[in-house]
Amino acid sequence: MKQNITTALLGLDLQELTRIVEEQGQPSYRAGQLFTALYGDRVQATEQILTLPKLLRSSLVTQGMEVGLPEIQKKFVSVDGTVRYLIRLSDDETVETVWMPEGDDGEAGDGSEAGAELVRGPRAWNRVTICASSQVGCAVNCQFCLTALLGVKRNLTAGEIVGEVIAVLRDQKVSPPEDRVNLVFMGMGEPFLNFENFMKSVRLLVEGVGIPEARMTVSTAGVVPRIYDFGDEPVRPKLAISLNAPNDELRTRLMPINKKWNLEKLITAARDFPLRPREKLTFEYVLLRGVNDSSQHSRELLELIRGMRAKLNLIALNSGPGIDFQTPEEEAVLEFQKTLVAGGVPAFIRRPRGRDIFAACGQLKRTAELIT
Ligand code: SAH
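As a starting point, this report considers the structure included with it. In this numbering scheme, every chain counts its residues from 1 along its sequence in written order. Local features are withheld for residues below a pLDDT of 70 in this predicted model, meaning they are given only at 70 or higher, and side-chain atom pairs are given and counted only at 80 or more; totals for whole chains, interfaces and linings count all residues. Water and hydrogen atoms were dropped before computing side-chain values, which therefore reflect all heavy atoms in the structure.

Concerning the site of the ligand
- Every one of the 18 residues lining the ligand counts as a neighbour, but Phe144, Gly189, Ser219, Ser242 and Asn318 are closest to it.
- In the environment of the ligand, a nitrogen atom lies 3.1 Å from a nitrogen or oxygen atom belonging to the backbone of Gly189.
- Within the backbone of Cys361, an N or O atom sits 3.3 Å from a nitrogen atom of the ligand.
- Charged residues are taken to be Asp, Glu, Lys and Arg, nonpolar residues to be Ala, Val, Leu, Ile, Met, Phe, Trp, Tyr, Cys and Pro, and polar residues to be all remaining types, Gly included. Tallied by class, the residues present in the shell around the ligand amount to eight nonpolar, eight polar and two charged. Near is defined per residue: the residue qualifies when any heavy atom it owns lies within 4 Å of the molecule or strand. Polar contacts here mean pairs of N or O atoms no more than 3.5 Å apart (in protein, one a potential hydrogen donor and the other a potential acceptor; neighbouring residues in sequence count only if both atoms are side-chain atoms).

Pasting the structure below:
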């Protein structure tokens, strides 16, 4: 639906919406109705907000105050049920959002989460995770990640982050809080380099859309000062840290961000992180054949994170054009896992999702045509 937008309502919190309705000479409780319509009912256009008086609706529309939901430009469906969405923003930039159903007809999980979560009604899956982007492109330049090849174009606004999630929920006809949805901020971009917008989107997704914070995880490449800020947030997702190497020399080679915040700083921040009761930190480790997947590396890694309330997700590299690394041998992955588990660190092997449609970890680069 093409709308003439001067102000996108999506992304505004209750306080900001209150200011808007008051400027229209309306009582402040109208802001609550607007908030519910935007985030709870997830309407597409201001005209559809029937709880508002007709006059207010049309005056908002006349002033260009529209919802501002991003558009789904394209959809790629994997053989494993994963769907990659190419989402178009108001300035025609695009980002990607991934839908990952699990269980029943969907694929089995990776075993890293406890118990299947049943959702309402008959479905081909019983658990679903949405993977959201936080920036157009990424500035971090990890050597094994395809998103890095794009560079960073800009930050997403809070409304755009909420909007990509809502666009997918609408398309899949899934409706939190009744339907249980997990959300990971592990798409394009580094969320902690867009911290304010990211945190605002979290609050709107929790309070408005109804996805509990306990079902959300954000992953950072290691922006240390923001890890401390994040720990101070009263409403926050769980934290995952992309480690990917057990020593500074290797990590700096793979992730240039390590020059700025090295492993000592990163691990100190991780150890200082105020976990909630029963909460665990997650470390991600992308395995690259012959680079960081030896038994020596697994022992080093064990030393690094031993004693922490943490689990480790092992991800075998998803390859792609322009990436000079190879996926490790299956045996090396299992061996790596074994060493960690034997050393007392819960380690899980993440099953790749949607590799065939370039939807897996590190493959998001806005591929619009699939070469078959
Ligand atoms: N920028 C954040 C959020 C992205 S999360 C971060 O780096 O944490 C994406 C995850 O996929 C990260 O853990 C990253 O290490 C991993 N990853 C990147 N490229 C990959 C690839 N080619 N194969 C497998 N995993 C990859």
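Picking up where we left off.
Digging into the pairing of strand β14 (residues 347-350)
- Direction of pairing for strand β13 (residues 310-316) relative to β14: parallel, over a ladder of four bridges. Considered in β14, the bridge of Asn313 is made with Phe348. Strands are treated as partners if at least two bridges between them are detected by DSSP. Only DSSP runs of H or I with at least four residues qualify as helices, and only runs of E with at least two residues qualify as strands; both kinds are numbered from the N terminus onward.

Quick word on the pattern of salt bridges
- Here, a salt bridge means any side-chain nitrogen of Lys or Arg that lies within 4 Å of a carboxyl oxygen of Asp or Glu. Under the counting rule described, the total for this entry stands at 18 salt bridges.
- Across the pair Arg84 and Glu96 runs a salt bridge, and its minimum N-O distance is 2.6 Å. Within this pair, whereas Arg84 is found in strand β4 (residues 83-88), its partner Glu96 is found in strand β5 (residues 94-102), the two being separated by twelve residues in sequence. For the pair Arg84 and Glu96, one class covers both residues: buried.
- For Arg154, the salt bridge identified is with Glu160, shortest N-O distance 2.9 Å.
- Residue classification places Arg154 among the partly exposed positions, given a relative accessible area of 22%.
- Three or more residues joined by partner-sharing salt bridges are found here, namely Asp80, Glu102, Arg127 and Arg353. Burial classes follow relative accessibility: with a 1.4 Å probe on protein chains only, a residue under 20% of its type's maximum area counts as buried, one over 50% as exposed, and anything between as partly exposed.

Describing the packing of helix α5 (residues 195-209) against helix α6 (residues 224-232)
- Contact geometry for α5 and α6: axes closest at 12 Å, N-to-C directions at 30 degrees. Considering their axes alone, α5 and α6 lie roughly parallel with respect to each other. In terms of crossing hand, the pair formed by α5 and α6 is right-handed. Between α5 and α6, the contacting residues are Phe195, Phe198 and Met199 on the first element and Arg226, Asp229 and Phe230 on the second.
- Looking at the contact of α5 with α6 residue by residue, the class counts come to four nonpolar, no polar and two charged. Axis definition: a line fit to C-alpha positions, over the contact stretch in the case of helices; interaxial angles, taken between N-to-C directions, run 0 to 180 degrees. Oblique is the label for any angle not covered by the other classes, which are roughly parallel (under 35 degrees), roughly antiparallel (over 145) and roughly perpendicular (65 to 115). In a left-handed crossing the near helix is turned counterclockwise from the far helix by less than a right angle, and in a right-handed crossing that turn is clockwise. Two residues form a contact once any of their heavy atoms are found within 4.5 Å.

Details of helix α10 (residues 295-305)
- All buried positions along α10 are accounted for by His297, Ser298, Leu301, Leu302, Leu304 and Ile305. Buried residues in α10, looked at end-on, bunch into an arc of 160 degrees, giving them a common side.
- Those residues of α10 that are buried lie in contact with α7 (248-254), α9 (263-272), β12 (281-287), β13 and α11 (330-342).
- Gly307, located one to two residues past α10, shows a positive phi value of around 85 degrees. It is the directions from the helix axis to the C-beta atoms that the arc portrays.

What to know about the packing of α10 against α11
- Look at α10 against α11: their axes get within 9 Å of each other, and the N-to-C directions meet at 30 degrees. When the axis of α10 is compared with that of α11, the two are roughly parallel. You can see that α10 and α11 cross each other, and the crossing is right-handed. Residues His297, Ser298, Arg299, Leu301 and Leu302 of α10 lie in contact with α11, whose contacting residues are Phe336, Thr339 and Leu340.
- Here the residues of the contact of α10 with α11 sort into four nonpolar, three polar and one charged.

Quick notes on the sheet that holds β5
- Within the open sheet, the ten strands sit side by side as β3-β4-β5-β6-β9-β10-β11-β12-β13-β14. Their pairing is mixed. Bordering the open sheet on either side are β3 (71-77) and β14, each of which pairs with just one other strand. With direction set aside, neighbouring strand axes in the sheet form an average angle of 25 degrees.

A short note on the nonpolar core
- Think of a nonpolar core as a cluster: buried Ala, Val, Leu, Ile, Met, Phe, Trp, Tyr and Cys residues, connected wherever their side-chain atoms sit within 4.5 Å. Counting 116 residues, the largest nonpolar core has Phe144, Phe185, Phe283 and Leu312 as its most contacted members.
- Counting residues per element, this core draws most heavily on α5, which supplies eight residues.
- Residue contacts for Phe185: discarding those within four places in its chain leaves Ala132, Ile161, Pro191, Phe198, Ser201, Val202, Leu205, Met216, Thr217, Val218, Ser219 and Pro237.

What to know about the environment of Glu284
- Relative to the helices and strands, Glu284 is located in strand β12.
- As a C-alpha pair, Glu284 and Asn244 span 40 residues in sequence and 6.5 Å in three-dimensional space.

Comments concerning the pairing of β12
- Along β12, seven of the seven residues are buried, which leaves the element largely enclosed by surrounding structure.
- In β12, alternate side chains face the same way, and those of Leu281, Phe283, Tyr285 and Leu287 on one face and Thr282, Glu284 and Val286 on the other are all buried.
- Relative to β12, strand β11 (residues 238-242) runs parallel, the two being bridged by three bridges. Of the residues in β12, the one forming a bridge with Ser242 is Glu284.
- Where β12 lies against β13, seven bridges are found, and the strand directions are parallel. Looking across to β13, one finds that Val286 is bridged to Ile315.
- Clockwise travel from the first strand over the helix to the second, with the strands pointing away from the viewer, marks a crossover as right-handed. The parallel pair β12 and β13 is bridged by α10, and the resulting crossover is right-handed.

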